[in-house]
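A closer look at the structure
So you can see what is in the structure, the chains are spelled out below.
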Amino acid sequence: GPKVLQIPSHQIIDMGQMVTLNCDPVSNHLYFYWYKQILGQQMEFLVNFYNGKVMEKSKLFKDQFSVERPDGSYFTLKIQPTALEDSAVYFCASSFTGANERLFFGHGTKLSVL
Amino acid sequence: QQQVRQSPQSLTVWEGETAILNCSYEDSTFDYFPWYHQFPGESPALLIAIRPVSNKKEDGRFTIFFNKREKKFSLHIADSQPGDSATYFCAASGPGNTGKLIFGLGTTLQVQP
């Protein structure tokens, strides 16, 4: 079936550095999402993105976070600068219509901030 | 308050039994309730979903029971198989075109042969 690819699967970075998480969504999908899962906790919505713009973001989406999808390539989540509490698994997802339908998730990128 | 509570945290059943996973929510504007499952090493994938116009949704061995008055919904897995062993997440989302899901903590299901 359709797949969402996330690169890398694991990223280790020093606190204060910048990190970019990459997501290759399903090719004909129009809505893109990032979710964050801290170990032992539920997956939490960070942001959704449609037509080149952020539609909605949660309180977890701090000022240090940004998303973009330049020229229909990777959908990226950038954190600059990183903090210890950013350590988590970040899941990218995409959907065709976004209107509460099936989200296709990637395998996640485990981010470890040291 | 946008929360989804899920129980139990873990569940073990024997092959052939019915596994019952439970969720509750608080926000009465929620109008879409999916269940996702995640096998070890795999990404979460949609299993089945329901909207409040129905109080039951079946798909093979998987059934969602929905109680709007009590703000509860459950997933029943009939004739459980060892291959059903996975983590199951319930979720909810509200009206609008955002596709934003509020997830429960997950239930780790183990089906013993």
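Below is a short write-up of the structure.

Thresholds applied
Residues numbered from 1 in each chain as written. Chains lettered and ligands numbered in written order. Predicted model: local features only at pLDDT ≥ 70, side-chain atom pairs only at ≥ 80, totals over all residues. Heavy atoms only, no water. Helix = DSSP H or I, 4+ residues; strand = E, 2+ residues; numbered from the N terminus. Buried < 20%, exposed > 50% of the residue type's maximum accessible area, 1.4 Å probe, protein only. Polar contact = N/O pair within 3.5 Å; in protein donor to acceptor, adjacent residues only side chain to side chain. Contact = heavy atoms within 4.5 Å. Phe/Tyr/Trp six-rings, centres within 6.5 Å; stacked < 30°, edge-to-face > 60°. Salt bridge = Lys/Arg side-chain N within 4 Å of Asp/Glu carboxyl O. Disulfide = S-S within 2.5 Å.

1. Re the side chain of A:Asp86
Residues and elements named next belong to chain A. With respect to the helices and strands, the residue Asp86 is situated in the loop between strand E8 (75-79) and strand E9 (88-95). According to the relative accessible area criterion, Asp86 is buried, its value standing at 0%. At a separation of 2.9 Å, a polar atom in the side chain of Asp86 contacts the side chain of Lys62. With residues near it in sequence (within four places) discarded, Asp86 still touches Lys36, Lys62, Phe65, Ile79, Pro81, Leu111 and Val113.

2. Notes on the environment of B:Phe65
Along the chain, B:Phe65 falls in strand E7 (residues 62-67). Setting aside residues up to four positions removed in sequence, B:Phe65 forms contacts with B:Asn55, B:Lys56, B:Lys72, B:Phe73, B:Ser74 and B:His76.

3. Focus: the environment of B:Thr12
Residue and element names in this part refer to chain B. Topologically, Thr12 is positioned in strand E2 (residues 10-14). On the basis of relative accessible area, Thr12 is assigned to the exposed category, the value being 53%. Separated by 43 residues in the primary sequence, Thr12 and Asn55 place their C-alpha atoms 26 Å from one another.

4. What about the packing of aromatic side chains?
Residues and elements named next belong to chain A. Following the criterion strictly, the structure yields 21 aromatic pairs over all chains and no others. Residues Tyr31 and Tyr50 carry aromatic rings whose centres are separated by 4.3 Å and whose planes lie at 10° to one another, so their mutual orientation is stacked. Taken together, the residues span a long stretch of sequence, with Tyr31 in strand E4 (residues 31-37) and Tyr50 in strand E5 (residues 44-50) at a distance of 19 residues. A relative accessible area of 6% places Tyr31 in the buried class.

5. Topic: the pattern of salt bridges
Here the structure, examined in full by the defined rule, presents eight salt bridges over all chains. Here A:Asp86 makes a salt bridge to A:Lys62, at a shortest N to O gap of 2.9 Å. Placement of A:Asp86 in the loop between E8 and E9 and of A:Lys62 in the loop between strand E6 (53-57) and strand E7 (65-68) is noted, with a sequence separation of 24 residues between them. The partner of B:Glu70 in a salt bridge is B:Lys72, with the nearest N and O atoms 3.8 Å apart. Relative accessible area serves as the criterion here: at 39%, B:Glu70 is assigned to the partly exposed category. Connected through shared salt-bridge partners, A:Lys62, A:Glu85 and A:Asp86 make up one network.

6. Looking at the state of the cysteines
Per the stated rule, a full pass over the model turns up two disulfides over all chains. Note that A:Cys23 is cross-linked by a disulfide to A:Cys92, the S-S spacing being 1.9 Å. An S-S torsion of about -65° defines the bridge between A:Cys23 and A:Cys92 as left-handed. With a gap of 69 residues between them, A:Cys23 in strand E3 (residues 19-24) and A:Cys92 in strand E9 connect regions that are remote in the sequence. A single burial state applies to A:Cys23 and to A:Cys92, both of which are buried. Between B:Cys23 and B:Cys90 runs a disulfide, and the two sulfur atoms are separated by 1.7 Å.

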